Structure formats: structure tokens, C-alpha cells
Amino acid sequence: MATRADLPHPEAPRPVHARFPFTAIVGQDEMKAALLIAAVDPGIGGVLVQGHRGTGKSTAVRALAGVLPPLVVDAACRYGCDPTANGARCDECHAREHAGARARARRAPVPVVDLPLGATEDRVVGALDLERALRTGEKAYEPGLLARAHRGFLYVDEVNLLEDHLVDLLLDVSQSGENVVEREGLSVRHPARFVLVGSGNPEEGDLRPQLLDRFGVSVEVTTPADPDARVEAVLRRDAFDRDPEGFARQWARAEATVRRRVTDARSRIGAVAVPHAVLRRGAELCARLGTDGVRGELTLLRAARATAAYDGASVVDDGHLRRVASMALRHRLRRDPLDDAGSSARVERAVGELFGAAVV
Ligand SMILES: [Zn+2]
């Protein structure tokens, strides 16, 4: 019997430029919306994608790289610091600046880094070579996956199977924006701001509730039930497999359009207004669902604002709130022994009660 380790890695043999285009993914609207929200507002706090095997979770996450506007990085920095940022640079950049070196900017693609399940902590946080440090007196540090993911996305497939201490670490670093490695009195720190994207099959193990709560948004992915959508998905996949470059060329314009919208949304988001009435409705929704703390409202607000910015709207309205309610709240509900409905259904019901059944 073939074990999972024997299966070929679906992306491994393919060069990066032949990635399946994000815009060619059929359906999966909520997952695509959640990833774009994180692209517009990386501070949303991570994206959790739950669904069965073969529902295209990994394809969508890896495809995201194609619709992200490129970064401007300091060509001399091994962490890809932003040469125009104030204070968000690493110690090495500060040292170079202090020594009078001028930063040289270059463009670089946004990193979307895979974190494999078996990764050691050293590989994730980076390794300090203590022996060399003692011998030569210099700090010998080999950056890890967190450094590579700086200013981008860190993707953990099967996050529910990742060891707890690594998940804790990832969530801590993604919130603090800094990776600190300490060994035997030596310490290295560097900026590590990234969006954590975890995917998993809920039938293969639950995430601890306190970790669930710390993901900004969570989406549930299923295979489309509509036969026409399934046919379309199969046709596109087949066309891609036969001629990846040609297929990518067909979708280049659609990809560029999304990239432009993300760029525009980022520049606009600071000016998007959130009326008090909308905030109030968000609070009512959370109260009705009994979510603890204000993280739910905060995520609801940020996701709705990013959606409005992506739409080109200058004001957040109830429609934006409705569209993001499930992804912002479904993973924050306490189990209700008197209510058999799943989390998504409970959010939808509460949204319907609050806003009426009008289709937005
Ligand atoms: Zn730097």
C-alpha cells in the first residue's frame, strides 16, 4: 500500500513560472476572497483553510503568489527589508546604514513559503552556530523559513498535524512581527512579518480552540456540487497540465487585473470609512453568537474594510459585513449542546436574523 510519503508532491516537478493561475480556479469563492483580504490587509491575522483532500486548498494558496504585487527590497539584505520603511528593518540593515552604505532597491516577488510538517525548529527559526561563534567571536546565523517568509505568506499544509509548540511559535511570531533566536546567551533577532496560512482536513485532527481563535479568518472548502463547475474545473486542470505556459499566458491579463486591484486596495484602505451603524451591527452579530472577547468584531471590521477597499468602495456597508461574517466568526463559536447546526450554519442564521433575508 502506498503511504502518503510515497505520493509525488503535486507542485514539486513544476517550475515556479508554471503555477496554476489564481484566477483560473473554478468556484472556491470564499477561499479566494479570504486570501485576497489577507493580501490587502496582512494584519488580518492569518487564514485557516479547512477541507478534504483534493479540494484545491494547496493549489489556491500557491497560486496566490501570482496575483501579489511585487515587493521593493533592499538588494543587500538577506531578509528582504523594505529600504523605504522606517524602523522595520533588521539590525544588519541598520549597521550598513550606520556605516554609510546606501540602500539599493530592487523588486522581488512576494514570498509564499511552504513549511513542511517534519521541519525542525532550527529550520523554522534559523540556526545559530554556537561553535563558530565561540571560535571566531562573530554571530553565525543561518536564517530559516521565517526569514524567507518575511513580508509574504507562510503556508502550512495539514496545520492540524503540526506539533503544538511549532504552531504556537508561528502564531507568536506572526503577531509580534519579529523572530528572536536565543541560544546559550547569544541572541539574534530579525523582522518576520508574514501571513500564516494553514490548511487542514478537520477529520484528521482538530486544532486546539485557543489556536483556532487566533487565526484571523477561517474558510471551509468543498468540491463544487454543480456538475458544470466540476467539468469546467477538470477542463482547466487538463489544459494546464498539457501546456502550463500556454495556459498561464491565457490567464495573464486576469492575473494582472487582480494584482492591480490589490495594489489599489492597499493604497485606498486607510481612507475607507466604517460608519458607526455598521460597527454596531457587527457587535450585535457577535453578541448574538456569543463570541468571547472583541477579536471577532475586530476581525469582522478589518475583513469588511479590506473587502470594501478591494471593491473600490470608500465606505463599508452591511453587504461587506455579510460577505465576511462567516469567515471572521465561524471558528470563534463555542460548542452549543442545544444546537446541532454547524458553525457556518449558525453564523448564516444569525446574519439572516439581523440583516433580513435579502440577498446582497
Ligand atoms: Zn534588513
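Residues numbered from 1 in each chain as written. Predicted model: local features only at pLDDT ≥ 70, side-chain atom pairs only at ≥ 80, totals over all residues. Heavy atoms only, no water.

With respect to the secondary-structure elements, R330 resides in the loop between α14 (318-329) and α15 (343-355). The buried category is assigned to R330, whose relative accessible area is 8%. A polar atom in the side chain of R330 sits 2.7 Å from the side chain of S344. When neighbours within four sequence positions are excluded, R330 is seen to be in contact with E30, S218, V219, E220, A325, S343, S344 and V347. (Helix = DSSP H or I, 4+ residues; strand = E, 2+ residues; numbered from the N terminus. Buried < 20%, exposed > 50% of the residue type's maximum accessible area, 1.4 Å probe, protein only. Polar contact = N/O pair within 3.5 Å; in protein donor to acceptor, adjacent residues only side chain to side chain. Contact = heavy atoms within 4.5 Å.)

For the zinc ion, the full set of protein donor atoms is C77 (SG), C81 (SG), C90 (SG) and C93 (SG), and the range of their distances to it is 2.2 to 2.4 Å. Every donor counted, the 4 donor atoms about the zinc ion form angles of 100 to 115° at the centre, which fits tetrahedral coordination. Classification of C81 by relative accessible area gives buried; the value is 0%. Under the relative-accessibility criterion, C93 is labelled buried at 3%. (Donors = N, O, S within 2.8 Å, 3.2 Å for Na, K, Ca; no water. Tetrahedral: all angles 85-135°; square planar, octahedral: opposite > 155°, others 65-115°.)

Turning next to the packing of α14 against α15. Running from amino to carboxyl end, α14 crosses α15 at an angle of 155°, the nearest separation of the two axes being 9 Å. The pairing of α14 with α15 is recorded here as roughly antiparallel in orientation. As for the relative orientation of α14 and α15, their crossing is right-handed in sense. Residues D318, L321, R322, A325, S326 and L329 of α14 touch α15, and the partners they reach there are S344, V347, E348, V351 and F355. Partitioning the contact of α14 with α15 into residue classes produces 6 nonpolar, 2 polar and 3 charged. (Axes fitted to C-alpha atoms, helices over the stretch in contact; angles between N-to-C directions. Parallel < 35°, antiparallel > 145°, perpendicular 65-115°, else oblique. Left-handed = near helix turned anticlockwise from the far one by under 90°. Nonpolar A, V, L, I, M, F, W, Y, C, P; charged D, E, K, R; others polar.)

Counting across every chain of the model gives 4 aromatic pairs. When the ring of F240 is compared with that of F247, the centres are 5.9 Å apart and the planes differ by 70°; the resulting orientation is edge-to-face. We note that F240, like F247, is buried. (Phe/Tyr/Trp six-rings, centres within 6.5 Å; stacked < 30°, edge-to-face > 60°.)

Here the focus is unusual backbone geometry. Backbone geometry follows two general trends: most residues other than glycine have a negative phi, and most peptide bonds adopt the trans configuration. Of note, R151 is a non-glycine position whose phi angle comes to about 75°, a positive value. With respect to the helices and strands, the residue R151 is situated in the loop between α6 (145-148) and β7 (153-157).

Averaged over all residues, the pLDDT of the protein equals 86, while 91% of them reach at least 70. Predicted confidence in the protein is weakest over helix α5 (residues 130-136), with a mean pLDDT of 74, and strongest over helix α11 (residues 252-268), with 96. Considering only residues more than four positions removed or in separate chains, one finds that residues 1-15, a stretch of pLDDT under 50, has 11 contacts. (pLDDT = per-residue confidence, 0-100.)

Here we come to the side chain of S326. Tracing the chain through its elements places S326 in helix α14. Beyond its immediate stretch of four places on either side in the chain, S326 contacts E30, S218, S344, V347 and E348.

Attention now goes to the environment of R281. Within the element layout of this structure, R281 appears in helix α12 (residues 276-289). Classification of R281 by relative accessible area gives partly exposed; the value is 25%. For R281 and L354, which are 73 residues apart along the polypeptide, the C-alpha to C-alpha distance reads 7.9 Å. Ignoring sequence-local partners within four residues, the contact set of R281 consists of D318, L321, L354 and F355. Among the polar contacts listed, one links the side chain of R281 to the side chain of D318, at a separation of 2.9 Å.

Here we come to the sheet that holds strand β1 (residues 47-51). The strand order across the open sheet formed by 5 strands is β4-β7-β10-β1-β11, and the pairing between neighbours is parallel. Two strands lie at the open edges of the sheet, namely β4 (112-114) and β11 (217-221), each paired on one side alone. For this sheet, the mean angle separating the axes of adjacent strands, direction not counted, is 20°. Across 4 bridges, β1 lies against strand β10 (residues 195-200) in parallel orientation. Residue V47 lies in a different strand from β10, and its bridge partner there is V197. (Pairing = 2+ DSSP bridges.)

Turning our attention to α11. With 17 residues, α11 extends 24 Å between its outermost C-alpha atoms, agreeing within 8% with the 24 Å of an ideal straight helix rising 1.5 Å per residue. Buried residues along α11 sit against α1 (29-40) and α13 (295-311). (Expected span 1.5 Å × (residues − 1).)

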